[in-house]
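# Overview (structure and organization)
Each chain is listed here by its residues.
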Amino acid sequence: METISKEMPIQMLISFDRLLQQYDKMAKSDDPLLSSRAKFVLETQAPYPELREGFSDVQLLEKHEDVIRVILQDSFAEVLSENEIKAASMPYFDIVFNKSKRFQKILNNAGEDFKPFIRNQDVGIDYIMASTVILKYHYGFKLDFSRPYFYDIPDADGIMYHYRILYNADFIDLIPTDLARDLNQADVDKLLENPEDIELWKEMIPPDSFILKGFVISNMFDVTAEHTISEIKTNLISNDKRGSDGFMADLHETFRSFFKIKELNIGFVTYNSKDDQLERVYGKGIESFLLKEKDKEMCNQALCIGSYDKLVNQKGYFAVSDVEKYYKLSEEIEPYKGLYEQGIRSAIFAPIVNEGELLGVLELVSPNKNELNGVNATKLDDVMPYIVAAVVRSKIEEENLIDAIIQNECTSVHKSVHWRFEEEAKQFIIDGLDGAQPSFKEIVFKDVYPLYGQIDIKESSQARNTAIQRDLMIQLSNIKEVLNVASKNEKLPVYEELIYRIDNFMDGIKETLFSNSEQIIYDFVNADVLPVFKYLKKQDKELARMIEAYEKTINEETHSYYDHRKQYDDSVMRINKKLASVIDKHQEAAQEMFPHYYERYKTDGIEHNMYIGSTIAKDKEFDDLYLKNLRLWQLQVMCEMENKYYNLKPELDVQLDVASLILVYSNSLSIRFRMDEKRFDVDGTYNARYEIIKKRIDKSFIKGTNERLTQKGKLSIVYSQKKDELEYLRYIAYLKSKGYFTNNIEIVELEGLQGVSGLKAIRAEILYRKNKEDEKTFTYEDLMEELKA
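Worth saying up front: this structure is predicted, and the values here are computed from it rather than measured.

## Here we look at empty space enclosed by the protein
Rolled over the atoms, a probe sized like a water molecule indicates the empty space that remains. All chains considered together, the criterion is met by five cavities of 30 Å³ or more. Roughly 70 Å³ of volume is contained in the largest cavity. Around the largest cavity, the lining residues are L472, Q475, E518, I521, Y522, V525, H559, S560 and R565. Among the secondary structure elements, those contributing two or more residues to the lining of the largest cavity are α18 (460-489) and α20 (517-539). Element by element, the count of residues in the lining of the largest cavity is highest for α20, at four residues. Split by residue class, the lining of the largest cavity holds four nonpolar, three polar and two charged. Taken as a whole, the second largest cavity holds about 60 Å³ of empty space.

The following block contains the structure:
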């Protein structure tokens, strides 16, 4: 005797009683044929009462196989047996019998030892699923326990097929035993709140508390195509596809099931529209049969004219059913040559297209002729939307990852050089996927020409110090006023000592403000004054009011008197914001003329660096014309920035002046992105001379005088070579005709700087307009008079 030992809420009792009851009725039919057939079935079963009464010994299924076939013959039509996938079974116990011929053939192809099991029947799940059936059909509680059931069965070639099971349970009875409990709604609610607590379910619906008597008919349908589409979708939307060890292996198996081709392989390439080239997709197990071992290749080299037109222009499927034939006919051109040498004999290439943009190509290849062709290529129509969605998502993820790497390694990067950082970030990702220790290598641009300019706020340090002096004097005066009243009310020497120190501080900062004066007074107030004020507030109401009035004048952020300094800081902030907006806006147009690196800094004024050259402009050919154009553009914009500032000046709390300077450097140099400093710097010892000049030039003097080079109302252009002088004089002459400069142009020699000599400068007086529409122009002196009027 062989029984199934499995802890379940139901005991299995195979029985054909419910079906035979139908034959009992049919035997009394007036239809002689129907009655005769029913009587034959009943007479065949009659010697074996266990087939009605029920049995749990599965060996009896084999013993009574012929009788069972007669009983089930009408339910399993012989004429449909070659087509229907069908069997009788006992759910939850994986018992299958009386299989249709087609189902038996499917199982035979799977192998001698293969036994079908319902997918995803985890330990405990079948107990709970059987219990939900009991809750609905015996106890009458409305529960939706329906879920799809599947068999996964391989064919003789190992290709996995998927079959959905639909059960006909017309011939099943559910009979309670003495172990069955009475359940109420509260019990059911508790079960529903604990769907994974198997012990609770066993407590409420004990093992063997019901008998499942009868059998079910399992009707199965081949849903391999639908299932593989779902699997493809699931695989493609998963995270970290490229880094997953099993992603491509799973995708291969899924596509093999979808196409029913055992030796099918898949690959991917991305399409770079800028360079019209195919590029490798880096990731574990991801191959490309078009690129072979190459990382990238131009499309006109990887594809023939026909395949290029089909994939890139028409964006349609390109199928090659007989690679060998086209290899011989095409005189060994690509892609046939590469495919043939890889042992590929048929292939489909499917463009991955999103909103008309070609993103890449899906490659399907087989070592067998005609297995892949233009007919079965149409099957891809059902899966390409998911592939497109996955590629779009992957592309966005890669762009975000590249930006994150650049941001982490390099902070923000100007768009003109972003492409080079993208290349390095991609290599960073590839190294990580290959298991190497990724590192972001330094980026160098060689043979670029520098341009530097600044608009500096004149005497900004003096203006700042004056503001600090005034604030400190006011704060100390207010403190002294409180202490004078306190000393009159209460003659304590400590008040006199504090007043004495305050007088010394005030005398000191009137004379000279040292770099540490502000901090010393700040410490004095916090350590010595505030504790006294705290005491005084408790002692006298008048003093308390005076101290509260003092506290209202103290800024919460700086914890000091902050009025004149705020006016100065706000003025500098407004100047920088205005000047930065002018040059930034003009930069947009300048980049369209020719891409170049640009950066600016806000200090006490605005500084900017620009570098132009062929190595920065990836896809454009550089010519000296573009350098000259950018120099002229810089001159013009500097004049406009000066004009914008002096139109802003009347609105400022602190009336400040600015002076402009441009440094001309004729030799090309190299710039390197310093990973530690997160910025570009000139590369090499020789080129360091440029940085030295740049840092010291605004403090230089006219040779033989005490006159500073930079002057308000004038633009200073520093250079060292005669050809630069002539070039800029031409530009000034042109801009003078446009109303940017007066005739007051001078050429001066500069005192030698430390490590640098031989510098000269052109100083050109700038013409100003009160507003953009105003045709009347002014020199600096005239403008100041006009603004005062």
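## A word on the sheet that holds strand β5 (residues 160-168)
The strand order across the open sheet built from five strands is β3-β2-β8-β5-β4, with neighbouring strands paired in antiparallel fashion. Either end of the sheet is taken by a strand with one partner, and the two such strands are β3 (95-97) and β4 (149-154). Strand-to-strand twist across the sheet, computed as the mean angle between neighbouring axes with direction ignored, equals 40°. In the packing of helix α6 (residues 101-110) onto the sheet, contacts are made with β2 (85-90), β3, β4, β5 and β8 (216-222), and the angle to β4 comes to roughly 50°.

## Let's talk about the packing of aromatic side chains
Following the criterion strictly, the structure yields 18 aromatic pairs and no others. A ring pair is formed by Y139 and F210, whose centres lie 6.1 Å apart and whose planes are at 75°; its orientation type is edge-to-face. Of the two residues, Y139 is situated in the loop between α7 (125-137) and β4 and F210 in strand β7 (residues 210-214); the sequence distance between them amounts to 71 residues. Judged by its relative accessible area of 18%, Y139 is buried. For F210, a relative accessible area of 0% translates into the label buried. Taken together, the aromatic side chains of F16, F97, F171 and F215 make up a single cluster linked through ring pairs. Stacked on the ring of F76, the Lys or Arg K86 has its end atom at 5.0 Å from the ring centre. Between K202 and the ring centre of Y127, over which it is positioned, the NZ or CZ distance is 5.8 Å.

## As for helix α8 (residues 185-193)
Taken together, the buried positions of α8 are D187, V188 and L191. Around the axis of α8, the buried residues are gathered within 95° of arc, so they sit on the same side. Facing away from the buried side of α8 by more than 90 degrees, the exposed set consists of A186 and E193. Buried residues belonging to α8 abut α7 and α9 (198-204).

## Regarding the sheet that holds strand β14 (residues 357-366)
An order of β11-β10-β9-β14-β13-β12 is seen for the six strands of this open sheet, with the pairing classed as antiparallel. Each having just a single partner strand, β11 (296-298) and β12 (318-320) make up the two edges of the open sheet. Shown here is a sheet whose adjacent strand axes are inclined to one another by a mean of 20°, direction ignored. Two strands pair when backbone bridges link them, and strand β9 (residues 265-272) and β14 are joined in this way by six bridges, in the antiparallel orientation. Among the inter-strand pairings, F268 is bridged to a residue of β14, identified as L362. On the sheet, helix α13 (residues 305-313) packs against β9, β12, β13 (346-354) and β14 and is oriented at approximately 145° with respect to β12.

## Side note on a negative patch on the surface
Together, D222, E226, D381 and D382 give the surface a local cluster of negative charge. Mapped onto the elements of the fold, D222 is located in strand β8.

## Regarding the confidence of the model for the protein
For residues with low pLDDT, the predicted coordinates do not support detailed interpretation. Within the protein, residue pLDDT values average 83, and 86% of them lie at 70 or more. The model gives residues 405-411 a pLDDT under 50, and that stretch makes 23 contacts with residues more than four places away or in other chains.

## Some thoughts on the nonpolar core
Judged by nonpolar contacts, the single largest core of 68 residues is most densely connected at F16, F97, L135 and F215. Counting residues per element, this core draws most heavily on α7, which supplies six residues. If near-sequence neighbours (up to four positions away) are discounted, F97 is found in contact with I14, F16, L61, I68, L72, A87, A88, S89 and F215. Counting residues in hydrophobic clusters, the runner-up holds 51 residues, among them A463, V572, I575 and L652.

## Brief notes about the pattern of salt bridges
Per the counting criterion, the structure on display carries 35 salt bridges. The closest approach of N and O atoms between E297 and K294, which form a salt bridge, is 2.7 Å. Judged by its relative accessible area of 9%, E297 falls in the buried class. Put simply, K712 and D657 hold a salt bridge, and the shortest N to O gap is 3.6 Å. A residue pair is termed long-range when its members are at least 10 positions apart, and K712 in the loop between α24 (688-696) and β21 (714-719) and D657 in the loop between α23 (624-648) and β18 (658-664) qualify at 55 residues.

## Re the layout of surface pockets
Quantified by volume, the second largest pocket comes out at close to 1,000 Å³. Residue lining of the second largest pocket: 30 residues in total, with V96, F97, N98, K99 and Q104 positioned closest to the centre. The leading source of residues in the lining of the second largest pocket is α6, at four residues. A class-by-class count of the residues in the lining of the second largest pocket yields 12 nonpolar, eight polar and 10 charged.

## Looking at the pairing of strand β16 (residues 597-603)
Across a regular strand the side chains alternate sides, sitting on one face of the sheet and then on the other. Here β16 runs beside strand β17 (residues 605-612); their pairing, made up of seven bridges, is antiparallel. The partner of Y598 across the bridge, within β17, is M610. Where β16 hands over to β17, the hairpin turn is made up of one residue, counted between the paired strands.

## As for the side chain of S288
You can see S288 is positioned in the loop between β10 (277-280) and β11. Residue classification places S288 among the buried residues on the basis of a relative accessible area of 3%. Within the structure, the side chain of S288 is placed 3.4 Å from the backbone nitrogen of L290, a separation counted as a polar contact. Setting aside chain neighbours within four positions, we find S288 in contact with F268, V269, R280 and E363.

## Re the pairing of β4
Among the six residues in β4, five count as buried, and that is most of the element. One ladder, built from six bridges, connects β4 with β5; its direction is antiparallel. Along β5, the bridge assignment pairs P154 with M160. With antiparallel pairing between neighbouring strands as the criterion, β4 and β5 make up a hairpin whose turn holds five residues, including G158 at a positive phi of roughly 90°.

## A few points about α20
In this model α20 runs 32 Å from its N-terminal to its C-terminal C-alpha over 23 residues, within 8% of the 33 Å that 1.5 Å per residue would give. In α20, a bend of some 40° at V529 exceeds every other bend along the element, and P531, a proline, comes one to four places later. The inward-facing, buried residues of α20 contact α18, α19 (493-511) and α21 (541-552).

## Details of the environment of S257
Looking at where S257 falls in the secondary structure, it is placed in helix α11 (residues 247-259). The exposure class assigned to S257 is buried, which follows from its relative accessible area of 4%. Separated by 30 residues in the primary sequence, S257 and H227 place their C-alpha atoms 9.3 Å from one another.

So, how was this worked out
- Residues numbered from 1 in each chain as written.
- Predicted model: local features only at pLDDT ≥ 70, side-chain atom pairs only at ≥ 80, totals over all residues.
- Heavy atoms only, no water.
- 1 Å grid on protein atoms, 1.4 Å probe; cavity = no way out; pocket = protein on both sides within 12 Å on 5 of 7 lines; lining within 4 Å.
- Points joined across faces, edges and corners; volume = space filled by probe spheres on them.
- Helix = DSSP H or I, 4+ residues; strand = E, 2+ residues; numbered from the N terminus.
- Nonpolar A, V, L, I, M, F, W, Y, C, P; charged D, E, K, R; others polar.
- Pairing = 2+ DSSP bridges.
- Axes fitted to C-alpha atoms, helices over the stretch in contact; angles between N-to-C directions.
- Contact = heavy atoms within 4.5 Å.
- Phe/Tyr/Trp six-rings, centres within 6.5 Å; stacked < 30°, edge-to-face > 60°.
- Buried < 20%, exposed > 50% of the residue type's maximum accessible area, 1.4 Å probe, protein only.
- Lys NZ or Arg CZ within 6 Å of the ring centre and 35° of its normal.
- Arc of directions from axis to C-beta.
- Patch = residues over 30% accessible without salt bridge, like charges linked within 9 Å, V, L, I, M, F, W, Y side chains within 5 Å.
- Areas by Shrake-Rupley, 256 points an atom, 1.4 Å probe, with all protein chains shown as cover.
- Salt bridge = Lys/Arg side-chain N within 4 Å of Asp/Glu carboxyl O.
- Lys, Arg positive; Asp, Glu negative; His and termini not counted.
- Charge placed at Lys NZ, Arg CZ, Asp CG, Glu CD.
- pLDDT = per-residue confidence, 0-100.
- Core = buried A, V, L, I, M, F, W, Y, C linked by side-chain atoms within 4.5 Å.
- Polar contact = N/O pair within 3.5 Å; in protein donor to acceptor, adjacent residues only side chain to side chain.
- Expected span 1.5 Å × (residues − 1).
- Bend = angle between axes of the 7 residues up to and from the residue.

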